[in-house]
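# Overview (structure and organization)
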Amino acid sequence: MTNSVTHELQLKRDLYKKRLIVVASVVLLGCSSCSSLNFSHHGASASATGSQNSSSMSTFKQIFSGVGFLNGITRKDFNVQSNIAYGADTRQKLDVYQPLAISKSKPKPVILFVHGGAWEEGSKDDYLFVGESFTRAGYVTVIMNYRLAPAHKYPDYVQDTAQVIQWINQNIARYGGNPQQIVVMGHSAGAFNVVEAVDNARWLSEVNVPVSHIKAVVGIAGPYSYDFRTDSTRDAFPANAVPDQVMPDRHVRADAPPHLLLVGSNDQRVKPANAQRMQAALQAKKIPVQLETVEGANHVSIMAAVATRLSWYKSTRQQILDYLTKTLKS
(Lines give C-alpha, C1' and ligand atoms only; values in the text may rest on other atoms or scores of the structure.)
Protein backbone atom coordinates (compact mmCIF):
# COMPACT_ATOMS: atom_id res chain seq x y z
CA MET A 1 0.00 0.00 0.00
CA THR A 2 2.79 2.38 0.95
CA ASN A 3 4.65 1.64 -2.27
CA SER A 4 1.46 2.27 -4.25
CA VAL A 5 0.94 5.67 -2.58
CA THR A 6 4.59 6.60 -3.12
CA HIS A 7 4.34 5.60 -6.77
CA GLU A 8 1.18 7.69 -7.19
CA LEU A 9 2.82 10.72 -5.59
CA GLN A 10 5.82 10.33 -7.89
CA LEU A 11 3.53 10.17 -10.92
CA LYS A 12 1.82 13.37 -9.79
CA ARG A 13 5.18 15.09 -9.34
CA ASP A 14 6.30 13.96 -12.78
CA LEU A 15 3.05 15.19 -14.33
CA TYR A 16 3.40 18.55 -12.59
CA LYS A 17 6.97 18.90 -13.82
CA LYS A 18 5.91 18.01 -17.36
CA ARG A 19 3.25 20.70 -17.21
CA LEU A 20 5.82 23.24 -16.07
CA ILE A 21 8.08 22.20 -18.93
CA VAL A 22 5.18 22.84 -21.32
CA VAL A 23 4.71 26.27 -19.74
CA ALA A 24 8.42 26.96 -20.00
CA SER A 25 8.36 25.94 -23.66
CA VAL A 26 5.52 28.34 -24.38
CA VAL A 27 7.38 31.15 -22.65
CA LEU A 28 10.65 30.31 -24.38
CA LEU A 29 9.06 30.28 -27.80
CA GLY A 30 7.55 33.69 -27.40
CA CYS A 31 6.94 36.22 -24.65
CA SER A 32 4.60 38.95 -25.78
CA SER A 33 6.08 41.56 -23.50
CA CYS A 34 9.71 40.91 -24.41
CA SER A 35 11.60 42.61 -27.15
CA SER A 36 11.56 40.83 -30.48
CA LEU A 37 14.57 42.78 -31.65
CA ASN A 38 18.16 41.70 -32.03
CA PHE A 39 20.46 44.31 -30.51
CA SER A 40 23.72 43.01 -31.89
CA HIS A 41 27.17 44.13 -30.81
CA HIS A 42 27.26 46.63 -33.66
CA GLY A 43 23.52 47.17 -33.78
CA ALA A 44 23.41 46.19 -37.44
CA SER A 45 20.75 43.50 -37.45
CA ALA A 46 17.22 43.33 -36.17
CA SER A 47 14.15 41.27 -36.81
CA ALA A 48 10.69 42.70 -37.31
CA THR A 49 8.81 43.71 -34.19
CA GLY A 50 5.94 41.37 -33.33
CA SER A 51 2.52 42.52 -32.22
CA GLN A 52 2.27 43.48 -28.57
CA ASN A 53 0.07 41.78 -26.05
CA SER A 54 -1.13 44.92 -24.27
CA SER A 55 -3.18 45.12 -21.13
CA SER A 56 -6.24 45.83 -23.30
CA MET A 57 -6.13 42.53 -25.17
CA SER A 58 -8.81 39.96 -24.46
CA THR A 59 -8.61 37.64 -21.48
CA PHE A 60 -8.67 34.67 -23.82
CA LYS A 61 -5.52 35.77 -25.64
CA GLN A 62 -3.79 36.67 -22.39
CA ILE A 63 -4.47 33.24 -20.88
CA PHE A 64 -3.04 31.47 -23.90
CA SER A 65 0.04 33.66 -24.22
CA GLY A 66 3.32 32.59 -22.62
CA VAL A 67 2.99 35.33 -20.02
CA GLY A 68 -0.61 34.32 -19.33
CA PHE A 69 0.47 30.76 -18.57
CA LEU A 70 3.34 31.96 -16.41
CA ASN A 71 1.19 34.36 -14.40
CA GLY A 72 -1.53 31.73 -14.22
CA ILE A 73 0.68 29.33 -12.28
CA THR A 74 2.04 32.05 -10.00
CA ARG A 75 1.13 31.86 -6.32
CA LYS A 76 -0.94 34.79 -5.11
CA ASP A 77 0.50 35.01 -1.59
CA PHE A 78 1.24 38.73 -1.55
CA ASN A 79 -0.57 42.05 -1.40
CA VAL A 80 -0.57 44.40 -4.38
CA GLN A 81 -1.55 48.03 -4.78
CA SER A 82 -2.18 48.60 -8.48
CA ASN A 83 -2.12 51.52 -10.91
CA ILE A 84 -0.65 54.15 -8.64
CA ALA A 85 0.03 57.29 -10.67
CA TYR A 86 3.52 58.77 -10.57
CA GLY A 87 2.85 61.24 -13.40
CA ALA A 88 0.05 62.70 -15.50
CA ASP A 89 0.38 60.43 -18.55
CA THR A 90 -1.82 57.31 -18.71
CA ARG A 91 1.33 55.17 -18.97
CA GLN A 92 2.88 56.69 -15.85
CA LYS A 93 1.55 54.15 -13.39
CA LEU A 94 3.12 51.59 -11.07
CA ASP A 95 2.17 48.62 -8.91
CA VAL A 96 3.52 47.89 -5.43
CA TYR A 97 3.81 44.25 -4.33
CA GLN A 98 4.17 43.61 -0.61
CA PRO A 99 5.05 40.42 1.26
CA LEU A 100 2.20 39.26 3.48
CA ALA A 101 4.40 39.64 6.54
CA ILE A 102 5.13 43.36 6.37
CA SER A 103 6.01 45.71 9.23
CA LYS A 104 6.54 49.43 8.87
CA SER A 105 8.74 49.29 11.96
CA LYS A 106 11.07 46.90 10.12
CA PRO A 107 11.09 48.16 6.54
CA LYS A 108 12.22 45.80 3.81
CA PRO A 109 14.57 46.51 0.91
CA VAL A 110 12.87 47.57 -2.32
CA ILE A 111 13.23 46.26 -5.86
CA LEU A 112 12.12 48.40 -8.79
CA PHE A 113 11.58 46.30 -11.92
CA VAL A 114 11.33 47.82 -15.41
CA HIS A 115 9.99 45.75 -18.32
CA GLY A 116 11.45 45.32 -21.78
CA GLY A 117 9.85 45.65 -25.20
CA ALA A 118 12.24 47.65 -27.41
CA TRP A 119 10.84 50.84 -25.81
CA GLU A 120 7.74 50.44 -27.99
CA GLU A 121 5.73 47.81 -26.13
CA GLY A 122 5.29 45.97 -22.86
CA SER A 123 3.22 46.34 -19.72
CA LYS A 124 3.71 46.01 -15.98
CA ASP A 125 0.57 43.86 -16.00
CA ASP A 126 2.55 41.01 -17.58
CA TYR A 127 4.95 40.75 -14.65
CA LEU A 128 2.87 39.44 -11.76
CA PHE A 129 5.38 36.56 -11.64
CA VAL A 130 8.16 39.06 -10.89
CA GLY A 131 6.19 40.64 -8.06
CA GLU A 132 5.52 37.21 -6.54
CA SER A 133 9.09 36.05 -6.95
CA PHE A 134 10.68 38.92 -5.08
CA THR A 135 8.00 39.41 -2.42
CA ARG A 136 8.48 35.71 -1.63
CA ALA A 137 12.16 36.51 -1.10
CA GLY A 138 11.26 39.34 1.30
CA TYR A 139 11.41 42.44 -0.91
CA VAL A 140 8.82 45.15 -1.45
CA THR A 141 8.63 45.17 -5.25
CA VAL A 142 7.61 48.03 -7.53
CA ILE A 143 6.79 47.30 -11.19
CA MET A 144 6.30 50.29 -13.46
CA ASN A 145 5.05 51.29 -16.88
CA TYR A 146 6.81 54.02 -18.82
CA ARG A 147 5.95 56.17 -21.82
CA LEU A 148 6.63 54.38 -25.10
CA ALA A 149 8.32 55.19 -28.38
CA PRO A 150 7.94 56.39 -31.06
CA ALA A 151 5.77 59.08 -29.45
CA HIS A 152 8.22 59.26 -26.56
CA LYS A 153 11.87 59.00 -27.47
CA TYR A 154 15.01 58.98 -25.31
CA PRO A 155 15.25 60.34 -22.66
CA ASP A 156 11.51 60.26 -21.78
CA TYR A 157 11.48 56.62 -20.67
CA VAL A 158 14.70 57.10 -18.70
CA GLN A 159 13.23 60.15 -16.98
CA ASP A 160 10.15 58.07 -16.14
CA THR A 161 12.42 55.53 -14.47
CA ALA A 162 14.11 58.27 -12.46
CA GLN A 163 10.70 59.68 -11.55
CA VAL A 164 9.62 56.32 -10.14
CA ILE A 165 12.86 56.13 -8.14
CA GLN A 166 11.87 59.54 -6.74
CA TRP A 167 8.37 58.20 -5.98
CA ILE A 168 9.90 55.25 -4.14
CA ASN A 169 12.21 57.55 -2.21
CA GLN A 170 9.27 59.67 -1.07
CA ASN A 171 6.49 57.12 -0.65
CA ILE A 172 7.67 53.55 -0.19
CA ALA A 173 7.91 53.76 3.61
CA ARG A 174 4.12 53.71 3.84
CA TYR A 175 4.18 50.34 2.05
CA GLY A 176 6.77 48.87 4.39
CA GLY A 177 9.77 49.52 2.16
CA ASN A 178 13.09 51.12 3.02
CA PRO A 179 13.75 54.16 0.76
CA GLN A 180 17.44 53.94 1.54
CA GLN A 181 17.74 50.36 0.30
CA ILE A 182 16.63 50.47 -3.32
CA VAL A 183 17.60 47.95 -5.99
CA VAL A 184 16.82 48.87 -9.59
CA MET A 185 16.38 46.03 -12.06
CA GLY A 186 15.29 45.72 -15.67
CA HIS A 187 15.11 43.33 -18.59
CA SER A 188 16.18 44.19 -22.15
CA ALA A 189 15.10 47.79 -22.88
CA GLY A 190 14.16 48.05 -19.20
CA ALA A 191 17.75 47.16 -18.28
CA PHE A 192 18.93 50.04 -20.45
CA ASN A 193 16.48 52.33 -18.62
CA VAL A 194 17.63 51.45 -15.10
CA VAL A 195 21.34 51.49 -15.90
CA GLU A 196 21.09 54.83 -17.70
CA ALA A 197 18.84 56.34 -15.01
CA VAL A 198 21.32 55.51 -12.25
CA ASP A 199 24.71 55.68 -13.98
CA ASN A 200 24.16 58.99 -15.76
CA ALA A 201 24.35 61.50 -12.91
CA ARG A 202 21.93 63.83 -14.69
CA TRP A 203 18.77 61.80 -14.11
CA LEU A 204 18.87 61.25 -10.34
CA SER A 205 20.05 64.83 -9.94
CA GLU A 206 16.94 66.04 -11.80
CA VAL A 207 14.68 64.26 -9.28
CA ASN A 208 16.84 65.05 -6.24
CA VAL A 209 17.47 61.44 -5.18
CA PRO A 210 20.84 60.63 -3.58
CA VAL A 211 22.62 57.90 -5.51
CA SER A 212 23.58 56.43 -2.13
CA HIS A 213 19.97 55.24 -1.77
CA ILE A 214 20.53 52.91 -4.74
CA LYS A 215 22.30 49.87 -3.33
CA ALA A 216 22.49 47.79 -6.50
CA VAL A 217 21.68 47.78 -10.21
CA VAL A 218 20.66 44.52 -11.89
CA GLY A 219 20.58 44.43 -15.67
CA ILE A 220 19.12 41.37 -17.41
CA ALA A 221 20.05 41.04 -21.09
CA GLY A 222 20.33 44.79 -21.60
CA PRO A 223 21.35 46.68 -24.78
CA TYR A 224 23.80 49.06 -23.13
CA SER A 225 26.17 49.60 -26.03
CA TYR A 226 25.07 49.41 -29.67
CA ASP A 227 24.49 51.62 -32.70
CA PHE A 228 20.74 52.18 -32.78
CA ARG A 229 21.03 54.23 -35.99
CA THR A 230 21.25 51.06 -38.08
CA ASP A 231 18.79 49.10 -35.95
CA SER A 232 15.01 48.91 -36.02
CA THR A 233 15.00 50.53 -32.56
CA ARG A 234 16.19 53.82 -34.06
CA ASP A 235 12.69 55.35 -33.66
CA ALA A 236 13.14 55.15 -29.88
CA PHE A 237 15.93 57.74 -30.10
CA PRO A 238 16.13 61.31 -31.43
CA ALA A 239 16.76 61.49 -35.16
CA ASN A 240 20.03 63.39 -34.83
CA ALA A 241 21.38 61.46 -31.81
CA VAL A 242 24.55 59.36 -31.81
CA PRO A 243 25.49 56.47 -29.48
CA ASP A 244 27.88 58.61 -27.44
CA GLN A 245 24.94 60.77 -26.40
CA VAL A 246 22.58 58.02 -25.27
CA MET A 247 24.32 54.72 -24.51
CA PRO A 248 24.72 53.93 -20.79
CA ASP A 249 28.28 52.70 -21.15
CA ARG A 250 29.28 56.27 -22.09
CA HIS A 251 27.72 57.85 -18.97
CA VAL A 252 29.14 56.07 -15.92
CA ARG A 253 29.35 58.28 -12.85
CA ALA A 254 32.27 57.81 -10.48
CA ASP A 255 30.01 57.03 -7.50
CA ALA A 256 27.70 54.51 -9.20
CA PRO A 257 26.45 51.60 -7.06
CA PRO A 258 27.47 47.97 -7.60
CA HIS A 259 26.11 46.23 -10.71
CA LEU A 260 25.07 42.71 -11.62
CA LEU A 261 24.85 42.18 -15.37
CA LEU A 262 23.22 38.92 -16.46
CA VAL A 263 23.42 37.54 -19.99
CA GLY A 264 22.06 34.41 -21.59
CA SER A 265 24.56 32.13 -23.29
CA ASN A 266 22.05 31.58 -26.13
CA ASP A 267 20.76 35.14 -26.43
CA GLN A 268 20.55 36.02 -30.11
CA ARG A 269 18.48 39.18 -29.60
CA VAL A 270 20.70 41.23 -27.31
CA LYS A 271 24.25 40.04 -27.71
CA PRO A 272 26.32 39.54 -24.52
CA ALA A 273 28.90 41.96 -25.96
CA ASN A 274 26.60 44.76 -24.77
CA ALA A 275 27.16 43.67 -21.17
CA GLN A 276 30.87 43.13 -21.74
CA ARG A 277 31.27 46.71 -22.88
CA MET A 278 29.16 47.96 -19.99
CA GLN A 279 31.31 45.95 -17.60
CA ALA A 280 34.46 47.52 -19.05
CA ALA A 281 33.01 51.02 -18.65
CA LEU A 282 32.14 50.35 -15.01
CA GLN A 283 35.53 48.83 -14.30
CA ALA A 284 37.20 51.89 -15.80
CA LYS A 285 35.50 53.95 -13.06
CA LYS A 286 36.32 51.30 -10.43
CA ILE A 287 32.65 50.47 -9.88
CA PRO A 288 32.04 46.95 -8.49
CA VAL A 289 30.48 44.88 -11.26
CA GLN A 290 29.73 41.20 -11.82
CA LEU A 291 29.03 39.88 -15.28
CA GLU A 292 27.39 36.48 -15.04
CA THR A 293 26.10 34.08 -17.66
CA VAL A 294 22.86 32.12 -17.36
CA GLU A 295 23.81 28.97 -19.20
CA GLY A 296 21.41 27.80 -21.89
CA ALA A 297 19.20 30.88 -21.57
CA ASN A 298 17.97 32.95 -24.47
CA HIS A 299 16.55 36.47 -24.41
CA VAL A 300 13.17 35.25 -23.16
CA SER A 301 14.04 32.34 -20.88
CA ILE A 302 16.57 34.39 -18.91
CA MET A 303 13.65 36.56 -17.78
CA ALA A 304 11.07 33.77 -17.45
CA ALA A 305 13.39 32.00 -14.99
CA VAL A 306 12.86 34.84 -12.51
CA ALA A 307 9.52 33.15 -11.81
CA THR A 308 9.52 31.05 -8.67
CA ARG A 309 7.85 28.18 -10.53
CA LEU A 310 10.60 28.16 -13.19
CA SER A 311 13.61 28.82 -10.97
CA TRP A 312 14.64 25.18 -11.37
CA TYR A 313 14.91 25.63 -15.12
CA LYS A 314 17.56 28.37 -15.29
CA SER A 315 19.64 30.11 -12.63
CA THR A 316 18.43 33.71 -13.10
CA ARG A 317 16.43 34.01 -9.89
CA GLN A 318 19.01 32.34 -7.68
CA GLN A 319 21.88 34.39 -9.11
CA ILE A 320 19.97 37.61 -8.44
CA LEU A 321 18.98 36.66 -4.90
CA ASP A 322 22.47 35.47 -4.01
CA TYR A 323 23.96 38.69 -5.34
CA LEU A 324 21.48 40.90 -3.46
CA THR A 325 21.96 39.02 -0.19
CA LYS A 326 25.69 39.59 -0.43
CA THR A 327 25.52 43.18 -1.69
CA LEU A 328 22.87 44.49 0.69
CA LYS A 329 24.76 43.11 3.69
CA SER A 330 28.04 44.74 2.71
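Reading guide: rules and limits
Residues numbered from 1 in each chain as written. Predicted model: local features only at pLDDT ≥ 70, side-chain atom pairs only at ≥ 80, totals over all residues. Heavy atoms only, no water. Phe/Tyr/Trp six-rings, centres within 6.5 Å; stacked < 30°, edge-to-face > 60°. Helix = DSSP H or I, 4+ residues; strand = E, 2+ residues; numbered from the N terminus. Buried < 20%, exposed > 50% of the residue type's maximum accessible area, 1.4 Å probe, protein only. Pairing = 2+ DSSP bridges. Axes fitted to C-alpha atoms, helices over the stretch in contact; angles between N-to-C directions. Core = buried A, V, L, I, M, F, W, Y, C linked by side-chain atoms within 4.5 Å. 1 Å grid on protein atoms, 1.4 Å probe; cavity = no way out; pocket = protein on both sides within 12 Å on 5 of 7 lines; lining within 4 Å. Points joined across faces, edges and corners; volume = space filled by probe spheres on them. Salt bridge = Lys/Arg side-chain N within 4 Å of Asp/Glu carboxyl O.

### Regarding the packing of aromatic side chains
How two aromatic rings sit relative to each other is set out by the distance from centre to centre and by the angle between their planes. In this structure the tally under the stated criterion is 15 aromatic pairs. An angle of 85 degrees between the planes, with centres 6.3 Å apart, marks the rings of tyrosine 154 and tryptophan 203 as edge-to-face. Placement of the pair is tyrosine 154 in the loop between strand 4 (140-144) and helix 5 (156-171) and tryptophan 203 in helix 7 (residues 201-206), with a sequence separation of 49 residues. Given the relative accessible area of 8%, tyrosine 154 is considered buried. Of the residues examined, tryptophan 203 reaches a relative accessible area of 1% and is grouped as buried. Through a chain of ring-to-ring contacts, three or more aromatic side chains come together here, namely Trp119, Tyr146, Tyr154, Tyr157, Phe192, Trp203, Phe228 and Phe237.

### With respect to the environment of lysine 271
Relative to the helices and strands, lysine 271 resides in the loop between strand 7 (259-264) and helix 9 (273-284). Residue lysine 271 is classed as partly exposed on the basis of its relative accessible area, which comes to 24%. Spatially, the C-alpha atoms of lysine 271 and histidine 299 are 9.1 Å apart, while their sequence positions differ by 28 residues.

### Overview of the sheet that holds strand 4
With respect to topology, 8 strands assemble into an open sheet ordered 1-2-4-3-5-6-7-8, the strand pairing being mixed. Looking at strand neighbours, the two that pair on one side only are strand 1 (79-85) and strand 8 (289-294), the edges of this open sheet. Averaged over all adjacent pairs, the angle separating strand axes in this sheet is 20 degrees, with direction ignored. As defined by bridge partners, strand 5 (residues 177-187) adjoins strand 6 (residues 214-220) across 6 bridges and the pair is classed as parallel. What sits directly across from methionine 185, in strand 6, is valine 218.

### Digging into the nonpolar core
Ranked by internal contacts, the top residues of the largest apolar core, which has 58 residues, are Trp119 and Phe237. Counting residues in each nonpolar core, the second largest holds 33 residues, with Phe129, Met185, Ala216 and Ala297 among its members.

### As for empty space enclosed by the protein
Counted by the stated rule, this structure contains 2 cavities of 30 Å³ or more. Volume-wise, the second largest cavity comes out at about 30 Å³. Lining the second largest cavity are Thr74, Arg75, Phe129, Glu132, Ala307, Thr308 and Arg309.

### What about the pattern of salt bridges?
Taken as a whole and assessed by the stated rule, the structure comprises 10 salt bridges. Between glutamate 206 and arginine 202 there is a salt bridge, with its nearest N and O atoms 3.0 Å apart. You can see glutamate 206 and its partner arginine 202 sitting in helix 7, 4 residues apart, about one turn around the helix. For arginine 202, a relative accessible area of 46% corresponds to the partly exposed category. Here aspartate 255 ties to arginine 253 by a salt bridge, and the two come within 2.6 Å at their closest N and O atoms. Taken together, the salt bridges that share partners define one network made up of Asp77, Glu132 and Arg136.

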